[in-house]
Amino acid sequence: MTKRGVPNKKQFKVLGHHIFSLGLILVLFFTLYNPAALSAGSGTILLLLGIVVGLMDIPKEKEHNFILAILGIMIVSGVVNFLALTYKVGTATIGIYIRAFLGNLSVFLSSAIIILAIKTIYRTYLESR
């Protein structure tokens, strides 16, 4: 921390990694806790964490890879949801957990991708002036 208690860039980056990891852990927890549906409170938590992840200082050269990876996850989530994946392993249905995990992950990352896309558009606008 600097003299005034404001975190420096390295500490801010570490905080961003911790918040992203927390979001992934919560996605997994919410999936295992209730694979049938995501509650409003849980969804709100994931959306807010996604906004914070989107606001974190992701290096410019890695933004496009991050956006493409998130889009890939969201597309796969939509396809899996569309196909209603229901592979059965013994008596447990694994498909509902896969669908819930990808859906929860999409909720978490959707707000991050919106913020990142706006930041990228704005940065491109500023560079083109």
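What counts as what
Residues numbered from 1 in each chain as written. Predicted model: local features only at pLDDT ≥ 70, side-chain atom pairs only at ≥ 80, totals over all residues. Heavy atoms only, no water. Helix = DSSP H or I, 4+ residues; strand = E, 2+ residues; numbered from the N terminus. Buried < 20%, exposed > 50% of the residue type's maximum accessible area, 1.4 Å probe, protein only. Contact = heavy atoms within 4.5 Å. Areas by Shrake-Rupley, 256 points an atom, 1.4 Å probe, with all protein chains shown as cover. Salt bridge = Lys/Arg side-chain N within 4 Å of Asp/Glu carboxyl O. Phe/Tyr/Trp six-rings, centres within 6.5 Å; stacked < 30°, edge-to-face > 60°. 1 Å grid on protein atoms, 1.4 Å probe; cavity = no way out; pocket = protein on both sides within 12 Å on 5 of 7 lines; lining within 4 Å. Points joined across faces, edges and corners; volume = space filled by probe spheres on them. Nonpolar A, V, L, I, M, F, W, Y, C, P; charged D, E, K, R; others polar. Core = buried A, V, L, I, M, F, W, Y, C linked by side-chain atoms within 4.5 Å.

1. Describing the overall build of the protein
When helices and strands are counted, the protein shows four helices and two strands. What you see in the protein, going N to C, is helices and strands ordered as α-α-α-β-β-α. Relative to its 129 residues, the protein shows a buried fraction of 29%. A fraction of 75% describes how many contacts in the protein between residues 6 or more apart in sequence connect residues 24 or more apart. Accessible area of the protein: about 8700 Å², with a carbon and sulfur share of 71%.

2. Quick look at the pattern of salt bridges
If you walk through the whole model with that rule in mind, you get two salt bridges. The partner of K60 in a salt bridge is E127, and the shortest N-O contact between them spans 2.4 Å. On the criterion of sequence distance, the pair formed by K60 in helix α3 (residues 60-83) and E127 in helix α4 (residues 95-128) is long-range, its members being 67 residues apart. Judged by its relative accessible area of 49%, E127 is partly exposed. A salt bridge links E63 to R123; the nearest nitrogen and oxygen atoms lie 3.0 Å apart. Of this pair, E63 sits in helix α3 while R123 sits in helix α4, placing them 60 residues apart in sequence. The class of E63 is buried, set by a relative accessible area of 2%.

3. Quick look at the packing of aromatic side chains
Counted according to the given criterion, the structure contains four aromatic pairs. An aromatic cluster is present here, built from F20, F66 and F108 joined pairwise through their rings.

4. Regarding the environment of P35
The residue P35 is located in the loop between α1 (9-33) and α2 (40-55) in this model. Sequence separation between P35 and N104 is 69 residues; the distance between their C-alpha atoms is 9.4 Å.

5. Comments concerning the layout of surface pockets
In this structure, the largest pocket occupies an estimated 400 Å³ of space. In this structure, the largest pocket is lined by 13 residues; those nearest its centre are K13, H17, D57, I58 and P59. Elements that contribute at least two residues to the lining of the largest pocket include exactly α1 and α3. For the lining of the largest pocket, the element with the highest residue contribution is α1, accounting for six residues. A per-class count over the lining of the largest pocket returns seven nonpolar, two polar and four charged. In this structure, the second largest pocket spans a volume of roughly 180 Å³.

6. Quick word on the nonpolar core
Counting 17 residues, the largest nonpolar core has L46 and F108 as its most contacted members. Elements that contribute at least two residues to this core include exactly α1, α2, α3 and α4. When residues of this core are assigned to their parent elements, the largest contribution, six residues, is made by α4. When neighbours within four sequence positions are excluded, L46 is seen to be in contact with G23, L26, V27, F30, L38, N104, V107, F108 and S111.

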